[in-house]
Amino acid sequence: MTDRKKPAKDYSIYFQPPSYRDAKRRGKEDVRVHYDFKIADDLKSMGKGKFYHIQTYGCQMNEHDSEMMMGMLEEMGYTWTDNREEADVILLNTCAVRENAEDRVFGELGHLKSLKKEKPDLILGVCGCMSQEEGVVNRILTRHQYVDLIFGTHNIHRLPELLREAVFAKEMVVEVWSKEGDIIENLPKKRAGLKAWVNIMYGCDKFCTYCIVPYTRGKERSRRPADVIAEVRELARQGYKEITLLGQNVNAYGKDFEDIDYRFADLMADIQKIDIPRVRFTTSHPRDFDDKLIEVLARGGNMVEHIHLPVQSGSNEILKKMSRKYTRESYLELVRKIKEAIPNVVLTTDIIVGFPGETDAQFEETMSLVREAEFASAFTFIYSPREGTPAAKMADDVPMEVKKERLNRLNELVAELSLKDNMKLSGQTVEVLVEGVSKNNPEFLSGRTRTNKLVHFKGPASLTGQFIDVKITEVQTWLFKGEIAAVHALEA
Ligand code: SAH
Ligand code: SF4
Ligand code: F3S
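Residues numbered from 1 in each chain as written. Chains lettered and ligands numbered in written order. Predicted model: local features only at pLDDT ≥ 70, side-chain atom pairs only at ≥ 80, totals over all residues. Heavy atoms only, no water.

As recorded by an unreviewed UniProt entry, the chain carries the name tRNA-2-methylthio-N(6)-dimethylallyladenosine synthase and is attributed to Insulibacter thermoxylanivorax. UniProt's Subcellular location (unreviewed entry) comment on the chain is quoted here verbatim: "Cytoplasm". Regarding the chain, the UniProt comment filed under Subunit (unreviewed entry) reads as follows: "Monomer." (UniProt positions renumbered as here; feature names shortened; annotations may be inferred.)

Draft legend 1. Structural view of the packing of helix α2 (residues 60-75) against helix α5 (residues 159-168). At a minimum axis distance of 10 Å, the contact between α2 and α5 shows a crossing angle of 65°. The chirality of how α2 crosses α5 is right-handed. Here Met-69, Met-72 and Leu-73 of α2 lie close against α5, whose contacting residues are Leu-159, Pro-160 and Leu-163. In terms of residue class, the contact of α2 with α5 is built from six nonpolar, no polar and no charged. (Axes fitted to C-alpha atoms, helices over the stretch in contact; angles between N-to-C directions. Helix = DSSP H or I, 4+ residues; strand = E, 2+ residues; numbered from the N terminus. Left-handed = near helix turned anticlockwise from the far one by under 90°. Contact = heavy atoms within 4.5 Å. Nonpolar A, V, L, I, M, F, W, Y, C, P; charged D, E, K, R; others polar.)

Draft legend 2. Structural view of the site of ligand 2. For ligand 2, the full set of nearby residues is Cys-204, Lys-206, Phe-207, Cys-208, Tyr-210, Cys-211, Val-213, Pro-214, Gln-248, His-285 and Arg-324. Of the residues assigned to the shell around ligand 2, the class counts are seven nonpolar, two polar and two charged. (Near = heavy atom within 4 Å.)

Draft legend 3. Region of the structure containing the sheet that holds strand β16 (residues 346-353). Pairing is parallel across the open sheet formed by three strands, whose spatial order is β15-β16-β17. In this open sheet, the two edge strands, each paired with only one partner strand, are β15 (306-308) and β17 (377-382). Ignoring strand direction, the axes of neighbouring strands in this sheet form an average angle of 10°. Of the strand pairs in this sheet, β15 and β16 are connected by three bridges, and their pairing is parallel. Across the sheet, residue His-306 finds its bridge partner in β16, namely Val-346. In the packing of helix α13 (residues 400-423) onto the sheet, the strands contacted are β16 and β17, and the crossing angle to β17 comes to about 175°. (Pairing = 2+ DSSP bridges.)

Draft legend 4. Local environment of the UniProt feature "domain: TRAM" (unreviewed entry) in the chain. If you check UniProt for "domain: TRAM" (unreviewed entry), the listed places come out as residues 423-486 in our numbering. End C-alpha atoms of residues 423-486 are separated by 22 Å, and the span's content is 2% helix alongside 52% strand.

Draft legend 5. Broad picture of α13. Taking 1.5 Å as the rise per residue, α13 with 24 residues should run 34 Å; its terminal C-alpha atoms sit 35 Å apart, in good agreement. Buried within α13 are the following residues: Lys-403, Arg-406, Leu-407, Leu-410, Leu-413, Val-414, Leu-417, Ser-418, Asp-421 and Asn-422. In the core, the buried residues of α13 are packed alongside β16, α12 (360-373), β17, β21 (467-475) and β22 (480-487). (Expected span 1.5 Å × (residues − 1). Buried < 20%, exposed > 50% of the residue type's maximum accessible area, 1.4 Å probe, protein only.)

Draft legend 6. Inspection of the sheet that holds strand β7 (residues 149-151) at higher detail. Strand order in the open sheet made by the seven strands is β1-β8-β7-β6-β5-β3-β4, with parallel pairing throughout. Among the strands making up the open sheet, the edge pair consists of β1 (15-16) and β4 (79-80). With three bridges joining them, β7 and strand β8 (residues 173-175) adopt parallel strand pairing. Bridged to Leu-149 within β8 is Val-173.

Draft legend 7. Seen up close, the packing of aromatic side chains. As enumerated under the stated definition, the model contains nine aromatic pairs in all. Ring geometry for Tyr-253 and Tyr-262: centres 6.4 Å apart, planes at 75°, overall edge-to-face. Of the two residues, Tyr-253 and Tyr-262, neither departs from the other in class, the shared state being buried. Each ring, one from Phe-264 and one from Phe-281, has its centre 5.3 Å from the other, and the planes form 70°; the classification is edge-to-face. Pair noted here: Phe-264 is in helix α8 (residues 264-272) and Phe-281 is in strand β14 (residues 278-282), with a separation of 17 residues, a long-range link. The residues Phe-264 and Phe-281 share a single accessibility class, namely buried. Aromatic ring contacts, followed pair by pair, group Tyr-210, Phe-355 and Tyr-383 into a single cluster. (Phe/Tyr/Trp six-rings, centres within 6.5 Å; stacked < 30°, edge-to-face > 60°.)

Laid out in structure tokens, this is it:
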């Protein structure tokens, strides 16, 4: 089926900066799915003999976007290089979620300025979530005029044409759609290794008050079940051992379908039947985590016993100010239900400390929730104000020193709980997917358990990509050491 909608604006003028106001709007218009993506024949040889490099700063979704850009560039004849000095095209695929992510990109742009001077034909592009921010685009326009191309998260499929434009244009090409576009299927993807990411939905409608993502990624749009399932089947056929289903809030999957009643639990139940050994998903919002999903996950099989369930805070007042729409009590009740249904589950989380006005007592509530939930690990962050979000306007009297001290205390607690959780595996034999020679210690192979824990052990590199049993001999806070107990038979 091909379904084309004409873009509302004239994109022949390649100057279209983003607007926060438009990005905030959630309209009722249909999201259409396009199956006719094609790179024009005359663009297919554009990159012949040329090299590209992409630097990725963001979350898994951002990484997966990079894989699609790699896929497109390679279909245009470009070849990947690790060496930026050799590259003819450099893209910075940026993240806007916290200020330090943005600072890194601006720092990098400073470095690349000299490279651009030495090599004027180099095409330097900025894409990803920062490009969706008004303030960022204005800053690049005024202070980094040597950038050749800016495009956003909604139009990555336009990369081939925008690149052509950038090569021939005398001025910076800026094309950022403030409003999300349609869903574009069939983009080429260059995936690496044994594990594959699969988008199941785009965007986020939750509007947590601190978060920029709903502005940079647009409204929630789910891919059609048949398209997701076909992609997973194909990955299984190609021999991938693990997939991670991606969405900012995967539990909202399917809420936007008007013609069918099919939600995340239904999708998981269908994927459970596909012969791919491990299925993960990220990220799930506690609000929409329903009993049906718990039931499907509890059946096990290829559904691994690891759930990442960001809590953000243990204080009801702060959760309210964050607009998370659940309470400490309802979160802990969900944790109880999950642990009851999946006794060996490993729970991990995200936490923000130092939200505007967070008191010592409110922070202590986060500490006590972390203890009660017994998270096996957590990503912890100091709150970072994001321009255009409601929290950025909230009064904040908590000094940075206090925030840092809270973060340190929280991290100590998380490390303590991680070691405690890891001790449960002491002396046990666990199934490990061998990922290859360890980057930190070439004497060891490294692999991951179903619960995503890292294991180092000695063995031949030829085991890469196989499932083996490893007996745990040493437990550390973030790592296990072990010995091979058995190698699983390879399927025919
Ligand atoms: N969609 C995911 C989160 C994506 S962002 C979810 O809702 O779970 C990943 C994490 O970054 C968030 O869970 C949050 O802990 C953190 N984060 C987001 N905005 C932030 C901000 N302004 N300051 C600090 N941390 C932030
Ligand atoms: Fe951000 Fe909240 Fe959406 Fe997660 S659910 S992406 S934290 S707005
Ligand atoms: Fe960053 Fe955008 Fe992902 S802001 S966390 S790259 S969705």
